[in-house]
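Report on the structure
Take a look at the letters that make up each chain.
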Amino acid sequence: MYITVNEWAKMKLRFFIHYTTAYGEQLFISYRTGLTGKKAIEQPMEFLNNEFWTTSIQLKEYKKGFTYHYFVIKNDGSRRQEQPQKRKQFNCSAKNKELQFIDTWCDSGSIENIFARKPFHNIFLNKNQTQQKLRIPKQCTHIFKVKAPLLTATQAVCIIGSSPNLKNWQTKKPFCLSQSGEDWFIALDLSGSPFPIAYKFGIYDTEQKTFLQYEGGNNRVLFHTGNNDTRVVVDDGFLRVPYNTWKGAGMAIPLFSLRSKNSLGVGDFSDLKLLVDWVAEAGLKLIQLLPVNDTIATNSKHDAYPYAAISAFALHPLYANLEAIAGKENKSIVQGFKKKLKTLEKKEYVDYEKLMAIKTDALQQLYRLIGKASLASKTFHTFYQKNEDWLLPYAAFSYLRDKFKTADFSQWSGFEKFDHSIPEKIMAASQQAADTMRFYFFVQYQLHSQLQETVEYAHRRKVALKGDIPIGIAANSCDAWQCPAMVDGQYATGAPPDAFSEVGQHWGFPIYNWQQIEEDGFAWWKRRLQKLSEYFDAVRLDHILGFFRIWAIPQHSVQGVMGHFIPCEAVHINEFGEKGIWFDYQRYCRPYITDKILEEIFATDAEQVKEQFLVKNDFDGYDFISEFDTQQKIQSFIANEKNNTPQKWEKGLFQLAANIILLEDENNGELFHFRILMETTSSFRELMPPVQQKLKALYENYFFERQNDCWQREALQKLPILKNATKMLVCGEDLGMVPSVVPSVMASLGILSLTVQRMPKNGNDSSTPYLSVVTPSTHDMSTIREWWEENLETTQAFYKNELHQWGKAPVHCTTWISRAIILQQLASPAMWSIFQLQDILGMHETLRRKDFTEERINNPAQTTNNWQYRMHITLEELLKDKKFTKELREAIAINGRI
């Protein structure tokens, strides 16, 4: 809360907070004054009664500015912050010797707080609110304040109570509060009133001049009297009305997938405006995009992966609109490149490598033509000053990547380690080097300007944009070069086996060194979120489970199945004995390889495999020869064509290497981790049943019981700080192997969860919470139409149990089935229903793509043909079909999402 006092020589501030603590909890107030500067003073509060905690502060000297917030220290030492931590200003007279603040704890997980986030405050609920200054009459004892985000433009908050000064509950002409931004407030003289006073807020129709309704709940009660010496400021939190009534619908598509009449082989920031037009007409409120950061590491098709950015701040040159940069006066320069790009436009997919080669050449020519004038502009200087901290290192990184022809900075002789003098040294090295650096300034400035213009256009059309922030950063990225202590290169991130991949996923990103990040006050993460919020109103936190624990794969392994969670409470060697399990290192920790297993995997090739890769051991089995005792060594050997080893053997050899029960901890030989899906291995199947049962019990404890407290603490150390660093609406992607503590932590922080209909978390879609996003598919999944034909047994069960249809399910997903699934999602209790564009078009007989197998964006189980999907029709064609757009709008409206 902010308070401005004209003069506060020796003024006393007394605080009362409505809060019910659990046993052992302690409430604190944290405050700053103009004298303390940035340093906060944390003061314990006193327990007053079952409803209030209190404390007082004596201000001895005038200094403009006073801020404060409350927090709780729990039994385990963790903090629980109230949300939000900023409130509005009041001007108070120095005649008052004491100010009393009666506050209501505002929980970060409360639904009401969501509506203070960017998309609601700036777009959906923005009713041209005026910043009215609170006028305090000379005779004023109390100031009341309350939030009511869901009122319409013709409604106001009013206050009525048991005192004559509050109309004695008469609703004919109640006192109406004034609005300033998020808050409604009123200053009243309650002197002479009998205390305690019972009161309530209500809703008043300012056009019809009629009282509409009281808020819900019990009467509010005021015990604190005010007078000439004491003024009371009452912050009553939120108007007590239902807040789970607001619902919206959105659509998701990668920016590169857009196609328009003017696009040149790929969607760009200008195409996004056309999509905004269609979304607004269709009654949708949000567009969700994949990450749009620069991923240029190898100058090959592998750079098309949008989650492997070389900078968490720089935008991708792929999305630049060349004509917008050139302008009318230089239009002819672009024409030659347009002809080349138009040939790529004819393709059904994004040809990333060829696109980038042509577009980079075009951008370089445009820089040579207009770069000097562009970088001399006032708007560029503003952009540069605001972004210098990442722009200079990024330009240097890009220059050195080009110079050494690799993004692996360990191979940059003399530049392996970043220091802040490197960009300056490059700029001073030669005119060509300086020009290259300025080229990257120019491109980022142009991209920023184009995206900013599109964002403003979307907001004018009342459409929000939702960005995507990857959990990891590329090992060979500017961020890893600039902040090496932030990552731990001993492991790579990934995911355990799931519906997307039976052997797990290996993403290749280094894991974070969270201890180092925390010591730095999460500065990099805060800057990352703040940069993203320049363009987006909401954000998808990719793999939010990684903030609880990350699946860490040792660098010598290839498959995700060989990883384990970090942090975690590993199994100590003594625990096996305590559980009656004889610890056999060779049997549990080494690959279990027998003749029988070799024949099952390799059939007639078994003898050749034994001869080339294995050696007989003393336990009636085989071990890998040391040259092949890791998956990475196996992969490198087979990839070398000179070795003439059949590629088909790789999968079987990986399977052998993963045929273990336990993974030895890399840092402590007495600690062990269970190999995920232990029961599926032939090593486990050939153990004696009593041993299997005991190992299984310890396995269940390891994965599903002992880690919960640890993982909850980890998340609560990170997520509250990161959420408070931005005003974006925060949504978590919480799919996969979800720990039991995740839903409660996300709910307590007001972070929206994700539910996919085909894979409900609790086996029941009706359990979907309001603070969530529902969708029938994501970019990592098949679309509705493709999924329908993947498994006929699953489809039949869905047809009967979810669509409530009799008889045999249709073999193909007809338009009515697509429509029925979309309508189910729209009827969900969730705040947001978001659909891939492909699924929306699946409802239309002629707009849907003929070959639905070409609509999938990414298949985690395969490494080729991903991230190249494009629309098969133009956005202009979509806008032209007014009938379909109207039908979609009506369906959204019927389900209360407009």
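For the structure itself, look to the data block above.
So, how was this worked out
Residues numbered from 1 in each chain as written. Predicted model: local features only at pLDDT ≥ 70, side-chain atom pairs only at ≥ 80, totals over all residues. Heavy atoms only, no water. Helix = DSSP H or I, 4+ residues; strand = E, 2+ residues; numbered from the N terminus. Rg over C-alpha atoms; globule rule 2.2 N^0.38 Å. Buried < 20%, exposed > 50% of the residue type's maximum accessible area, 1.4 Å probe, protein only. Contact = heavy atoms within 4.5 Å. Salt bridge = Lys/Arg side-chain N within 4 Å of Asp/Glu carboxyl O. Axes fitted to C-alpha atoms, helices over the stretch in contact; angles between N-to-C directions. Parallel < 35°, antiparallel > 145°, perpendicular 65-115°, else oblique. Nonpolar A, V, L, I, M, F, W, Y, C, P; charged D, E, K, R; others polar. Expected span 1.5 Å × (residues − 1). Pairing = 2+ DSSP bridges. Phe/Tyr/Trp six-rings, centres within 6.5 Å; stacked < 30°, edge-to-face > 60°. Lys NZ or Arg CZ within 6 Å of the ring centre and 35° of its normal. Core = buried A, V, L, I, M, F, W, Y, C linked by side-chain atoms within 4.5 Å.

**Quick word on the overall build of the chain**
The helix and strand inventory of the chain stands at 28 helices and 36 strands. Its C-alpha atoms give the chain a radius of gyration of 31 Å, near enough to 29 Å, the size a compact globule of 898 residues would have. Structurally, the chain occupies a C-alpha span of about 100 × 80 × 70 Å along its principal axes. Counting over 898 residues, the chain shows a buried share of 57%. Looking at the chain alone, contacts between residues at least 24 apart form 72% of all its contacts between residues at least 6 apart.

**Remarks on the side chain of His779**
Relative to the helices and strands, His779 is located in the loop between strand 35 (772-775) and helix 23 (784-788). If sequence neighbours within four positions are ignored, His779 has contacts with Leu290, Tyr307, Arg540, Gln836, Ile857, Asn858 and Trp867.

**Here we look at the pattern of salt bridges**
Note on pairing: side chains with opposite charge can pair once their charged atoms come close. Enumeration over the complete set of coordinates arrives at 30 salt bridges. The shortest N-O distance in the salt bridge between Asp235 and Lys145 comes to 3.6 Å. Of this pair, Asp235 sits in strand 19 (residues 230-238) while Lys145 sits in strand 11 (residues 142-147), placing them 90 residues apart in sequence. Lys145 shares its class with Asp235; the two are buried. As a salt-bridge pair, Arg259 and Glu345 come within 3.2 Å of each other at their nearest N and O atoms. Here the residue Arg259 occupies a position in the loop between strand 20 (248-252) and helix 3 (271-282), and Glu345 occupies one in helix 5 (residues 331-345), the gap between them amounting to 86 residues. The two residues Arg259 and Glu345 agree in class, both being buried. Counted as one network, the salt bridges with shared partners bring together Asp468, Arg540, Asp542 and Glu733.

**Let's talk about the packing of helix 6 (residues 352-375) against helix 9 (residues 431-460)**
For any two helices packed against each other, the geometry comes down to the angle between their axes and how far apart the axes lie. Where helix 6 meets helix 9, the axes come as close as 9 Å, and the angle between the chain directions of the two elements is 90°. The angle between the axes of helix 6 and helix 9 places the two elements in the roughly perpendicular class. For the pair helix 6 and helix 9, the contacting residues are Thr360, Leu363, Gln364, Leu366, Tyr367, Ile370, Gly371, Ser374 and Leu375 in the first and Asp435, Arg438, Phe439, Phe441, Phe442, Val443, Tyr445 and Gln446 in the second. For the contact of helix 6 with helix 9, the per-class residue count stands at 10 nonpolar, five polar and two charged.

**Focus: helix 28 (residues 882-894)**
In a regular helix each residue adds 1.5 Å, so 13 residues correspond to 18 Å; helix 28 covers 18 Å between its end C-alpha atoms and thus fits that length. Elements in contact with the buried residues of helix 28: strand 20, helix 3, helix 25 (815-826), helix 26 (837-841) and helix 27 (875-880). Remark: Gly896 follows helix 28 within two positions and exhibits a positive phi of approximately 70°.

**Focus: the sheet that holds strand 32 (residues 671-674)**
With antiparallel pairing, three strands are arranged side by side in an open sheet as 28-32-31. Each edge of the open sheet is held by one strand with a lone partner, namely strand 28 (571-572) and strand 31 (662-664). Direction of pairing for strand 28 relative to strand 32: antiparallel, over a ladder of two bridges. The residue bridging Val571 from the neighbouring strand is Phe672, located in strand 32. Strand contacts of helix 20 (residues 689-704): strand 28 and strand 32, with the helix running at about 95° to strand 32, the strand carrying the most contacts.

**Brief notes about the pairing of strand 23 (residues 487-495)**
In this sheet, strand 24 (residues 505-512) lies alongside strand 23 in antiparallel orientation, the contact comprising five bridges. Among the inter-strand pairings, Asp488 is bridged to a residue of strand 24, identified as Ile511. Relative to strand 26 (residues 550-554), strand 23 runs antiparallel, the two being bridged by four bridges. Opposite Tyr491, over in strand 26, you have Pro554 as the bridge partner.

**Focus on the packing of aromatic side chains**
How two aromatic rings sit relative to each other is set out by the distance from centre to centre and by the angle between their planes. Taken as a whole and assessed by the stated rule, the structure comprises 73 aromatic pairs. Taking 6.0 Å as the distance between ring centres and 55° as the angle between the ring planes, the aromatic pair formed by Phe397 and Trp481 counts as tilted. Of this pair, Phe397 sits in helix 7 (residues 378-404) while Trp481 sits in helix 10 (residues 478-482), placing them 84 residues apart in sequence. By relative accessible area, which is 1% here, Trp481 ends up buried. A centroid spacing of 4.9 Å and a plane angle of 50° characterise the contact between Phe583 and Phe672, whose relative ring orientation is tilted. With a gap of 89 residues between them, Phe583 in the loop between helix 13 (573-578) and helix 14 (585-589) and Phe672 in strand 32 connect regions that are remote in the sequence. Geometry around Phe404 places Lys403 over its ring, the cationic atom sitting 5.7 Å from the centre. The ring of Tyr592 carries the charged tip of Arg587 above its face, separated from the ring centre by 3.7 Å.

**Let's talk about the side chain of Gln586**
Position of Gln586 relative to the elements: it lies in helix 14. Using a relative accessible area of 16% as the deciding quantity, one classes Gln586 as buried. Those residues in contact with Gln586, other than ones at most four positions away along the chain, are Asn617, Phe619 and Asp623.

**A word on the sheet that holds strand 3 (residues 26-33)**
In space, the four strands of this open sheet follow the order 4-3-7-8, with antiparallel pairing throughout. Of all strands in the sheet, those with a lone pairing partner are strand 4 (41-44) and strand 8 (79-81), marking the two edges. In this sheet, neighbouring strand axes are inclined to one another by 35° on average, regardless of whether the strands run parallel or antiparallel.

**A few points about the nonpolar core**
Formed by 186 residues in total, the largest nonpolar core has its most connected members in Trp278 and Phe674. Ile123, Val157, Leu729 and Cys731 belong to the second-largest nonpolar core, a separate cluster that totals 52 residues.

**Concerning the environment of Ser413**
Examined against the element boundaries, Ser413 turns out to sit in the loop between helix 7 and helix 8 (422-429). Linking Ser413 and Leu400, residues 13 residues apart in sequence, is a C-alpha distance of 10.0 Å.

**Digging into unusual backbone geometry**
Following Phe195, the chain continues into Pro196 via a peptide bond in cis, with omega recorded as 5°. Within the secondary structure, Pro196 is located in the loop between strand 15 (183-188) and strand 16 (197-205). Here the amide bond leading from Ile566 into Pro567 is cis, since omega sits at -5°, within 30 degrees of zero. By the element assignment, Pro567 lies in the loop between strand 27 (564-566) and strand 28. At Asn644, a position not held by glycine, the phi torsion is positive, near 50°. In this fold, Asn644 is placed in the loop between helix 17 (631-639) and helix 18 (649-657). According to the relative accessible area criterion, Asn644 is exposed, its value standing at 68%. You will see that Asn865, though not glycine, has its phi angle at about 60°, which is positive.

**Overview of the environment of Val334**
Structurally, the position occupied by Val334 is in helix 5. On the basis of relative accessibility, which here comes to 2%, the residue Val334 falls in the buried class. Linking Val334 and Leu322, residues 12 residues apart in sequence, is a C-alpha distance of 6.9 Å. Filtering out sequence-adjacent residues up to four positions away, Val334 remains in contact with Leu322, Glu323, Ala326 and Leu366.

**Some words on the environment of Gly842**
The topology assignment puts Gly842 in the loop between helix 26 and helix 27. Classification of Gly842 by relative accessible area gives buried; the value is 1%. A sequence separation of 771 residues divides Gly842 from Phe71, and the C-alpha atoms of the two residues are 49 Å apart. Residues within four places of Gly842 in sequence aside, it is in contact with Arg785, Thr815, Ser818 and Arg848.

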